[in-house]
Amino acid sequence: MENKKKQNQTGTAKLTGTAACPGILEGLAVGVIGCLPDEELTFLWGNTCFYRSIGYLQEEYTDRFGSLRDYFAGDEESFATVKREVSRLQENGGKGLELSVKLPGKEGGYGWFRLSGSLSSAQGEPVFQAVFTEVSGLVGEKEEHLALYRQNRQYFGWMMDTYVGNVYISDMDTYELLYLNRNSCKTLGCRESSVLGKKCYEVIQGRTSPCPFCTNNRLREDAFYEWKFYNPQLERTFMIKNRIVNWEGHRARIELSHDMYSAEYKLAQKDQERDALLRSIPGGIFRLDARDGSTILWYGCSFLDLIGYTGEQFADELHSQCAFIHPEDRKRMDELLKEVKGSGTNTVTEIRILTRPGKTRILTVTLSYVSEEESWDDIPSFYSLVIDVTADRVEQNRQRKALEEAYEAARVANAAKTNFLSSMSHDIRTPMNAIMGMAIIAQANLNAPEKIHDCLDKINLSGRHLLSLINEVLDMSKIESGKVDLTYETVSFPELLQDVMDMCRPLLAEKHQEFMISASRVKHEKVISDGGRLQQIFMNLLSNAIKYTPEGGCISLRIREMSSPVEGKGQYEFVVTDNGIGISEEFREHIFEPFSRAEDSKISKIQGTGLGMAITDNIVRMMNGTIEVESRLGEGSEFVVSLPLELCVEEEACDNRLDGLPVLVVDDDPIVCESATALLNELGMRGSWVLSGMEAVCCIVQAHENGDDFFAVILDWKMPGMDGLETVKAIRGKLGPDVPIIIISAYDYSDIEEEFKRAGADAFITKPLFKSKMLHVLQLFCQSLHTDTAPAHPVKRPHPSLEGKKLLLVEDNELNREIAEELLQMQGLHVDTVENGQHAVEQFLRTEPGTYACILMDVQMPVMNGYEATRAIRSLDREDAGHIPIIALTANAFAADMGKARSVGMSDYIAKPIDMGNLAETLQKWIN
């Protein structure tokens, strides 16, 4: 030993120059050693902490042990482990050794240390350096836990062995049986040793593949999955519980089961029935202590969900008391509990509760009293079932409120209709009295043509007023019954507004009212819409404005096209303004309700049904638009209608001959000037504007002096100061006939046309100004700057004469037949008449083909109606039966009736009463 020690010391001296530990390692709080990586792991040095941790002084250790093999002389297994790890270090580069090892102590025993080692180089030779960290406490704790685990596992095994049911544990990946208790062996009729390691499904069920109940996704680690299964191999049904467990490192499935012959099976079935019954209860259940009427002894089902508490919150915050009952219902609940306790009868009531989140709920509560003598635990109690009926009560309240509102609306509507009928009785009788009275006067003055002519004019006027009243009532009836249909067609705003102006002009003239109309930035003049309904909107708004504006008042209509976010759609705004009597704030809310008229002495004598605004509002909504009203009593009103309308694709109006030509617009309304100038610029011209005649003359003269004469002047004829006529004369006086002058007006210019022509005007345009209108007139002046033969204004082409054509009139009403025949003969037509459809077919068959140019067919007739007669004529075997125009005469102007007329072969339809102008245009359309 002495020789070996000396050899070691010599070797150490050669490597380090000293047997002492490197100084830098002496201050460390962990043990560090150095060894040669040879077979013995020859010891080179160690730091003070290493020697102290194993109970040696440095001299004692170095005198006794020359290598780690000597140190581990009594524990060859630990030395072999360390030696094996050092060899691995030499193979993989010298780093990464980590292991736990026992180090023997001086006084016997050992301590557990964590060894971390690596290979380094000293004077060109490899050295194994190891750091030791004591972990004896941790290892001891681990062993203690392991012993406790083994003990618990032993107890668990005893419990499973004594379990009255069957217990199986199998690996979830391999399905191998890892454990089964004694009762399982008895059930299967086998010994544990003979089946352990075999597939569970083979042993228990006799299957050749895993059971789907054992492999489904319902298996969990935190709860049992329960199911009932009939085992055909054992010929009995089992109540089974499965759960995932860790069994000696295996991810395993534990199965507990009872067969149908066991008491446990029957109890489990009873539990299932009880749980199913409780789950079927739509609310919660609880037991209330009858001694204080406040403490809840037990609860179940959805009780906690109803009151909004968890079990802990109910116990800690409410102390299991009925503090959740609404304070206003608490007293009533106490009285009810006393009543039930005294009478012993069951009862049902409703109470309000306050949930933990602070919401109020309404519960239906049943109360059943059990006395102390009848109670299983000698506590008198109330047993209760509670159901949440909040949603039902809210819905009942909503329905009750809706019914009350509907009743009130029906009552108001009924009163309104009663008042309407009373008013209509007066309004209808007034024109009827006029018609009957004028007829009597005419009969009494047959020899006085002027008197008869006057009577007929008044009869005609009263008849048209009566027709308008009837039309409004029928229109409202159609709207309320949902029978109104929109008929889409191409609508031209210039033509539509011209028709509206023509109809309003006599009304405006009668009351000497000023009318202004303008169009702003209307780039698309044609749209796809129901032209008749659009016209009805304008007429209702304008006629109302005229009716409720005093004589000499001012009424305006403004049209504006705004940008639309939808491609192919245009957003149009129509504004009707007046300075009439206005609308009170109270009535403004009811202005669009049917049969409603403001209670005002100022309008009591103004005729009307109170339906115009309701009809307008309904039409606007049918067109997906909006209508708004602003008004102040005594100051006037403003109605704004906004409609999205489909644009009609049309080619951009342009004329290269107009490019760059200057045009001056003269009007006292800046909006008209700006709009007209913008349209001129869109046509490629150079538009400019002034607001007075004086400015216009100065501007025109200056342009002439600068050599940049205006191509044309568009001049308003009504302006303050120097009006249009004076301005025309001044321009002609300064420049002569060189500049074309176009007069614009919102009025009928027939009375002033000659006077303006004599003054030097060249053409006329009516407001509002549209691009197409201006283009049409300006193109007339493209050949020269002025021509005496230029037409003063566009003239409508007259209809070709219908004189000499022969018609067949089919009408069952003698008076209507006489009137229609007279009107047609006034147009130079020859008329044959029959009184029903059957006679019409017979008359048509008696005549030669081509005898009749057209058939006017009433729809509602006895014997054979108009539809049946049309079908019969169209089915005849003669050359003109299929193409002769058959025009319906009908009082039913609904879209469905019009569609039916076309479906049976009718060519067109005319609504009664017959408008001769409309009839003449329709005949001209169909007669060649």
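Above this text is the structure in question.
Bear in mind the structure is a predicted one, so any value in this text is a computation, not a measurement. (Residues numbered from 1 in each chain as written. Predicted model: local features only at pLDDT ≥ 70, side-chain atom pairs only at ≥ 80, totals over all residues. Heavy atoms only, no water.)

K.L.:
Report on the overall build of the protein chain, specifying residues and quantitative values.
P.N.:
From N to C terminus, the protein chain includes 30 helices and 32 strands. By residue count, 43% of the 928 residues in the protein chain fall in the buried class. Put simply, 60% of the contacts in the protein chain that link residues at least 6 apart link residues at least 24 apart. When the accessible surface of the protein chain is totalled, it reaches about 50,300 Å², and 51% of it is carbon and sulfur. (Helix = DSSP H or I, 4+ residues; strand = E, 2+ residues; numbered from the N terminus. Buried < 20%, exposed > 50% of the residue type's maximum accessible area, 1.4 Å probe, protein only. Contact = heavy atoms within 4.5 Å. Areas by Shrake-Rupley, 256 points an atom, 1.4 Å probe, with all protein chains shown as cover.)

K.L.:
Tell me about the pairing of strand β23 (residues 662-666), residues and numbers included.
P.N.:
For β23, a buried count of five out of five residues is recorded, marking the element as mostly surrounded by other parts of the structure. In this sheet, strand β24 (residues 686-690) lies alongside β23 in parallel orientation, the contact comprising five bridges. By the bridge assignment for β24, V665 is matched with W689. Crossover β23 to β24 through helix α21 (residues 670-682) is right-handed. Here four bridges tie β23 to strand β25 (residues 712-716), and the two strands are oriented parallel to one another. Bridge pairing links V663 to A712 in β25. (Pairing = 2+ DSSP bridges. Right-handed = clockwise from strand over helix to strand, strands pointing away.)

K.L.:
I'd love a proper account of a negative patch on the surface, names of residues and values included.
P.N.:
On the surface, a cluster of negative charge is made up of E372, E373, E374 and D378. You can see E374 is positioned in the loop between β14 (360-370) and β15 (381-388). (Patch = residues over 30% accessible without salt bridge, like charges linked within 9 Å, V, L, I, M, F, W, Y side chains within 5 Å. Salt bridge = Lys/Arg side-chain N within 4 Å of Asp/Glu carboxyl O. Lys, Arg positive; Asp, Glu negative; His and termini not counted. Charge placed at Lys NZ, Arg CZ, Asp CG, Glu CD.)

K.L.:
Summarise the sheet that holds strand β26 (residues 741-745); cite the residues concerned and give the values.
P.N.:
In space, the five strands of this open sheet follow the order β24-β23-β25-β26-β27, with parallel pairing throughout. For this open sheet the edge positions go to β24 and β27 (763-766), each flanked by a neighbour on one side alone. Ignoring which end each strand starts from, the neighbouring axes of this sheet average 20° apart. Those strands touched by helix α22 (residues 693-705) are β23, β24 and β25, and its axis lies near 160° from that of β23. (Axes fitted to C-alpha atoms, helices over the stretch in contact; angles between N-to-C directions.)

K.L.:
Explain empty space enclosed by the protein to me, using residue names and the numbers behind them.
P.N.:
In total, this model carries five cavities of 30 Å³ or more according to the counting rule given. Of the pockets and cavities examined, the largest cavity occupies roughly 120 Å³. In this structure, the largest cavity is lined by 17 residues; those nearest its centre are I204, Q205, N231, I240 and E255. Those elements that place two or more of their residues in the lining of the largest cavity are β6 (166-171), α9 (200-205), β8 (225-231), β9 (236-247) and β10 (250-259). Counting residues per element, the lining of the largest cavity draws most heavily on α9, at four residues. Here the lining of the largest cavity is built from residues that sort into ten nonpolar, five polar and two charged. Surrounding the second largest cavity, 13 residues form its lining, F286, F324, I325, M333 and I351 being those nearest its centre. Looking at the lining of the second largest cavity, the elements that each hand over two or more residues are β11 (284-289), α14 (327-343) and β14. Considering every element that reaches the lining of the second largest cavity, the biggest residue donor is α14, with three residues. A class-by-class count of the residues in the lining of the second largest cavity yields eleven nonpolar, one polar and one charged. (1 Å grid on protein atoms, 1.4 Å probe; cavity = no way out; pocket = protein on both sides within 12 Å on 5 of 7 lines; lining within 4 Å. Points joined across faces, edges and corners; volume = space filled by probe spheres on them. Nonpolar A, V, L, I, M, F, W, Y, C, P; charged D, E, K, R; others polar.)

K.L.:
If you had to explain the sheet that holds β10 to someone new, which residues and values would you point to?
P.N.:
Taking strand neighbours across the sheet as the criterion, the five strands line up as β7-β6-β10-β9-β8 in an open arrangement whose pairing is antiparallel. Each edge of the sheet is formed by a strand with only one pairing partner; in this case those strands are β7 (177-180) and β8. Put simply, the sheet's adjacent strands are angled 25° from each other on average, direction ignored.

K.L.:
Got a sec to walk through the nonpolar core? Specific residues and values, please.
P.N.:
In terms of nonpolar packing, the biggest core is built from 45 residues, with F639 and L643 touching the most fellow members. With eight residues, helix α18 (residues 531-547) is the largest single contributor of residues to this core. Once residues within four sequence positions are removed from consideration, F639 is found in contact with L541, F574, V575, V576, I583, I591, F592, M613, I627, E628 and V629. (Core = buried A, V, L, I, M, F, W, Y, C linked by side-chain atoms within 4.5 Å.)

K.L.:
I'd love a proper account of the packing of α22 against helix α23 (residues 724-735), names of residues and values included.
P.N.:
Running from amino to carboxyl end, α22 crosses α23 at an angle of 20°, the nearest separation of the two axes being 10 Å. The angle between α22 and α23 places the two elements in the roughly parallel class. Here α22 and α23 pass one another in a crossing that is right-handed. Across the interface between the two elements, G693, A696, V697, I700, V701 and H704 of α22 pack against T727, A730, I731, K734 and L735 of α23. Of the residues in the contact of α22 with α23, the class split is seven nonpolar, three polar and one charged. (Parallel < 35°, antiparallel > 145°, perpendicular 65-115°, else oblique. Left-handed = near helix turned anticlockwise from the far one by under 90°.)

K.L.:
Hey, could you go over the environment of N445 for me, with residue numbers and the actual values?
P.N.:
You can see N445 is positioned in the loop between α15 (390-444) and α16 (449-481). Leaving out residues up to four positions away in the same chain, N445 has contacts with K451 and I452.

K.L.:
Provide a residue-level description of the packing of aromatic side chains, including the pertinent values.
P.N.:
Per the counting criterion, the structure on display carries 28 aromatic pairs. Judged by centre distance (5.7 Å) and plane angle (70°), the rings of Y175 and Y201 are edge-to-face. One end of the pair, Y175, is in the loop between β6 and β7; the other, Y201, is in helix α9, and 26 residues separate them in sequence. With relative accessibility at 10%, the residue Y201 sits in the buried group. Considering the side-chain rings of Y369 and F382, the 5.2 Å spacing of their centres and the 50° angle between planes classify their relative orientation as tilted. Note that Y369 is positioned in strand β14 and F382 in strand β15, a separation of 13 residues in sequence. F382 shares its class with Y369; the two are buried. Aromatic ring contacts, followed pair by pair, group F43, F50, Y51, Y56, Y61, F65, Y71, F72 and F132 into a single cluster. Here the guanidinium or amino end of K241 rests over the ring plane of F224, the centre of that ring lying 6.0 Å away. (Phe/Tyr/Trp six-rings, centres within 6.5 Å; stacked < 30°, edge-to-face > 60°. Lys NZ or Arg CZ within 6 Å of the ring centre and 35° of its normal.)

K.L.:
Any details on the state of the cysteines? Residues and values, ideally.
P.N.:
Scanning the model with the defined rule gives zero disulfides in all. Lacking any disulfide linkage, C699 is separated from the closest cysteine sulfur, that of C698, by 8.6 Å. C699 sits in the partly exposed class, given a relative accessible area of 24%. (Disulfide = S-S within 2.5 Å.)

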